[in-house]
Amino acid sequence: MGTLRGIGASRRGDRAAGRRAIIANAKAHEKLRRIGNEHAALRQLAMLVIRGVKPSLVFAAVAEEIRALFNADYSGIVRFEPGGEVTFLAGHEWSTRNESGPAVKLGPSLALALVRETGCAFRLDADDPASPSLPEDLRAEGVRSAVSAPIVVEGRHWGAIGVASRREPLPPGAEQRMTDLAELVAIVIANAQAHTELTEARARIVSAADDTRRRIERDLHDGAQQRLVSLALRLRRAQAAMPPELGELAAELDRVAVGLTRALDELRELARGIHPAILAQAGLAPALRTLARRSSTPVDLQVRTSGRLPEQVEVTAYYLVSEALTNAAKHARASTVTVTVETADDILCVSVRDDGVGGADYTRGTGLVGLRDRVEALSGRIFLDSPPGAGTTTLRAELPLAEPNGVTVHQAGPGS
């Protein structure tokens, strides 16, 4: 009898051990699944960073990923502002309705005040007596658990990311996992700031170069050109007053006058190349028509724009076409060039295509590199397709007609 009871107890123990093993295996499997999901999410977000996707899109992706990873009802990314305020950048918000009025939206507070104060990740749990109390607005919304982590950029507490759950407590270790994700967001922000600083530096350099070109062109026009014109007129007057018996001297004066006129024409041409006055006075289309007429290679010019464009856009488009025409004549041995300029969706599209020998690239000379810097300084894009021996070269640029924040760029005009 005792033996049977022992066997029964042993079987019950085996069943209990089996159940514990099943539970342990399920927990291990769930942990592995969660880790796999986190790694997949981190890889996906890291690829967005590597590809240079706009910060706003990366923020939205991070907010959605952390909400899904933690099975949370709310996720958010905020930037800390002076005076204790925050700016909500991205996230998944929820709201509830009560009998007394409209929807009450859960703001991005969570544990943000504690994060900003301490610079550390914080966790708040309504069911944990040891946890700091949840803010009243979160308790009113039924939040049971919230975790936030700081976003630190170059040693400065830039902002925070956070999640909140109404259904169940957030999983253990959520603070460290949120800190890891916050570091990824910090990389995005640092990259965006570096890109902005680079773009602004390029824009300052391009603007300074254009100002210098404009000043040199004005000095040549008001100084050397005017003096040469005055000298040519005085020489012609002297030639007209020359006695007939001094015919040989008169002929020499005529040759000097002709040479002076040619020098004046060359100086005017040089001044146009430095900064064409017609571009500032009449706009892009007339300036491009002048370029086409002066080109040694026949040009099929198609300009489909109306009115004046932003000054820096006009200058960049002009120099892009000018450089492309020069390359087509000097290096590509082209017989014809097609230039197309048109606007579409607040973008100026400039395309120059020739039937030359191809083989142009950014490593040969500084002209194309300078064009790329000009285009990128305006947050534009430039594309070069010039396979060697293919018989064609296409240089295309897309120039935004508005600032990245949506504000229209200063419009060019006669007094610009």
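Here, the structure is the one placed above.
Residues numbered from 1 in each chain as written. Predicted model: local features only at pLDDT ≥ 70, side-chain atom pairs only at ≥ 80, totals over all residues. Heavy atoms only, no water.

## Here we look at the overall build of the protein chain
Moving on, step 1. If you tally the helices and strands in the protein chain, you get ten helices and twelve strands.
Moving on, step 2. Counting every position in the protein chain, which comprises 416 residues, the buried fraction comes to 36%.
Moving on, step 3. Taking the intrachain contacts of the protein chain between residues at least 6 apart in sequence as the baseline, contacts between residues at least 24 apart amount to 63%.
Moving on, step 4. Element-wise, carbon and sulfur atoms account for 54% of the exposed surface of the protein chain, whose accessible area totals about 23300 Å². (Helix = DSSP H or I, 4+ residues; strand = E, 2+ residues; numbered from the N terminus. Buried < 20%, exposed > 50% of the residue type's maximum accessible area, 1.4 Å probe, protein only. Contact = heavy atoms within 4.5 Å. Areas by Shrake-Rupley, 256 points an atom, 1.4 Å probe, with all protein chains shown as cover.)

## Quick word on the packing of aromatic side chains
Moving on, step 1. With the rule as written, the count across this model stands at two aromatic pairs.
Moving on, step 2. Seen from their ring centres, phenylalanine 59 and tryptophan 158 are 6.3 Å apart, and the 45° between their planes marks the pair as tilted. On the criterion of sequence distance, the pair formed by phenylalanine 59 in helix H2 (residues 55-69) and tryptophan 158 in strand S7 (residues 156-165) is long-range, its members being 99 residues apart. Of the two residues, phenylalanine 59 and tryptophan 158, both sit in the buried class.
Moving on, step 3. Both rings, one in tyrosine 318 and one in tyrosine 319, keep their centres 5.5 Å apart while their planes meet at 80°; by these two values the pair is edge-to-face. With respect to burial, tyrosine 318 and tyrosine 319 carry one shared label: buried. (Phe/Tyr/Trp six-rings, centres within 6.5 Å; stacked < 30°, edge-to-face > 60°.)

## Overview of the nonpolar core
Moving on, step 1. Leu284, Tyr318, Leu320, Val321 and Leu348 are the most contacted members of the largest nonpolar core, which totals 31 residues.
Moving on, step 2. When contributions to this core are tallied by element, the ones reaching two or more residues are helix H8 (284-294), helix H9 (311-330), strand S9 (337-344), strand S10 (347-354), helix H10 (367-377) and strand S12 (393-400).
Moving on, step 3. With residues up to four places along the chain from it excluded, the contact list for leucine 320 reads Val350, Val352, Leu371, Val375, Ile382, Leu395 and Ala397.
Moving on, step 4. Membership of the second largest hydrophobic core comes to 26 residues, among which are Ile66, Trp158, Val163 and Ala182. (Core = buried A, V, L, I, M, F, W, Y, C linked by side-chain atoms within 4.5 Å.)

## Notes on the pairing of strand S6 (residues 145-153)
Moving on, step 1. The element S6 is extensively covered by neighbouring structure, given that eight of its nine residues are classed as buried.
Moving on, step 2. Two elements, strand S5 (residues 122-125) and S6, share four bridges in a ladder whose sense is antiparallel. The residue bridging phenylalanine 122 from the neighbouring strand is serine 148, located in S6.
Moving on, step 3. Inspection of the sheet shows S6 paired to S7 by nine bridges, in the antiparallel sense. Looking across to S7, one finds that isoleucine 151 is bridged to glycine 159.
Moving on, step 4. The hairpin turn running from S6 into S7, its antiparallel successor, is two residues long, and glutamate 154 in that turn takes a positive phi close to 50°. (Pairing = 2+ DSSP bridges.)

## What to know about the packing of H9 against H10
How two helices sit against one another is set out by the angle between their axes and by the gap between those axes.
Moving on, step 1. Remark: H9 packs on H10, axes separated minimally by 10 Å, with the N-to-C direction vectors making an angle of 160°. One element, H9, and the other, H10, form an angle in the roughly antiparallel class. Considering only the axes of H9 and H10, their crossing is left-handed. In contact with Val315, Thr316, Tyr319, Leu320, Glu323 and Asn327 of H9, H10 contributes Gly367, Leu368, Leu371, Arg374 and Val375. (Axes fitted to C-alpha atoms, helices over the stretch in contact; angles between N-to-C directions. Parallel < 35°, antiparallel > 145°, perpendicular 65-115°, else oblique. Left-handed = near helix turned anticlockwise from the far one by under 90°.)

## Focus on the side chain of threonine 394
Moving on, step 1. Tracing the backbone through its elements, the reader meets threonine 394 in strand S12.
Moving on, step 2. Residue threonine 394 is classed as buried on the basis of its relative accessible area of 16%.
Moving on, step 3. Those residues in contact with threonine 394 that sit more than four places away from it in its chain are Ser351, Val352, Arg353, Phe383, Leu384 and Asp385.

## Some points on unusual backbone geometry
Moving on, step 1. Not every positive phi belongs to a glycine, and asparagine 71 is a case in point at roughly 50°.
Moving on, step 2. On the secondary structure map, asparagine 71 appears in the loop between H2 and strand S1 (74-80).
Moving on, step 3. A positive phi angle is found at glutamate 154, which is not glycine, with a value near 50°.
Moving on, step 4. With respect to the secondary-structure elements, glutamate 154 resides in the loop between S6 and S7.

## Let's talk about the environment of threonine 261
Moving on, step 1. For threonine 261, the location among the structural elements is in helix H6 (residues 247-274).
Moving on, step 2. Using a relative accessible area of 34% as the deciding quantity, one classes threonine 261 as partly exposed.
Moving on, step 3. The sequence separation of threonine 261 and leucine 228 amounts to 33 residues, and the corresponding C-alpha distance is 8.2 Å.

## Topic: H10
Moving on, step 1. Buried within H10 are the following residues: Leu368, Leu371, Arg374, Val375 and Ala377.
Moving on, step 2. Among the residues trailing H10, serine 379 stands out with phi positive, at a value near 60°.

## Focus: the pattern of salt bridges
Moving on, step 1. Within this structure, the stated rule accounts for ten salt bridges.
Moving on, step 2. A salt bridge links arginine 79 to glutamate 81, with the shortest nitrogen-to-oxygen separation between them at 2.8 Å.
Moving on, step 3. In this structure arginine 79 comes out as partly exposed when scored by relative accessible area, which is 29%.
Moving on, step 4. Between arginine 308 and glutamate 314 there is a salt bridge, with the nearest N and O atoms lying 2.7 Å from each other.
Moving on, step 5. The class for arginine 308 is partly exposed, based on a relative accessible area of 24%. (Salt bridge = Lys/Arg side-chain N within 4 Å of Asp/Glu carboxyl O.)

## Looking at H9
Moving on, step 1. Helix length check: H9, at 20 residues, gives a terminal C-alpha distance of 29 Å against a target of 28 Å (1.5 Å per residue), a fit within 8%.
Moving on, step 2. Counted residue by residue, H9 has 14 buried out of 20 residues, so it is predominantly covered. (Expected span 1.5 Å × (residues − 1).)

## Some thoughts on the packing of H8 against H9
Moving on, step 1. The N-to-C vectors of H8 and H9 enclose an angle of 10°; their axes lie 10 Å apart at closest approach. When the interaxial angle is binned, H8 and H9 end up roughly parallel. Contact residues: H8 offers Leu284, Ala287, Leu288, Leu291 and Arg294, while H9 offers Glu314, Ala317, Tyr318, Val321, Ser322 and Leu325.
Moving on, step 2. Of the residues contributing to the contact of H8 with H9, the split by class is eight nonpolar, one polar and two charged. (Nonpolar A, V, L, I, M, F, W, Y, C, P; charged D, E, K, R; others polar.)

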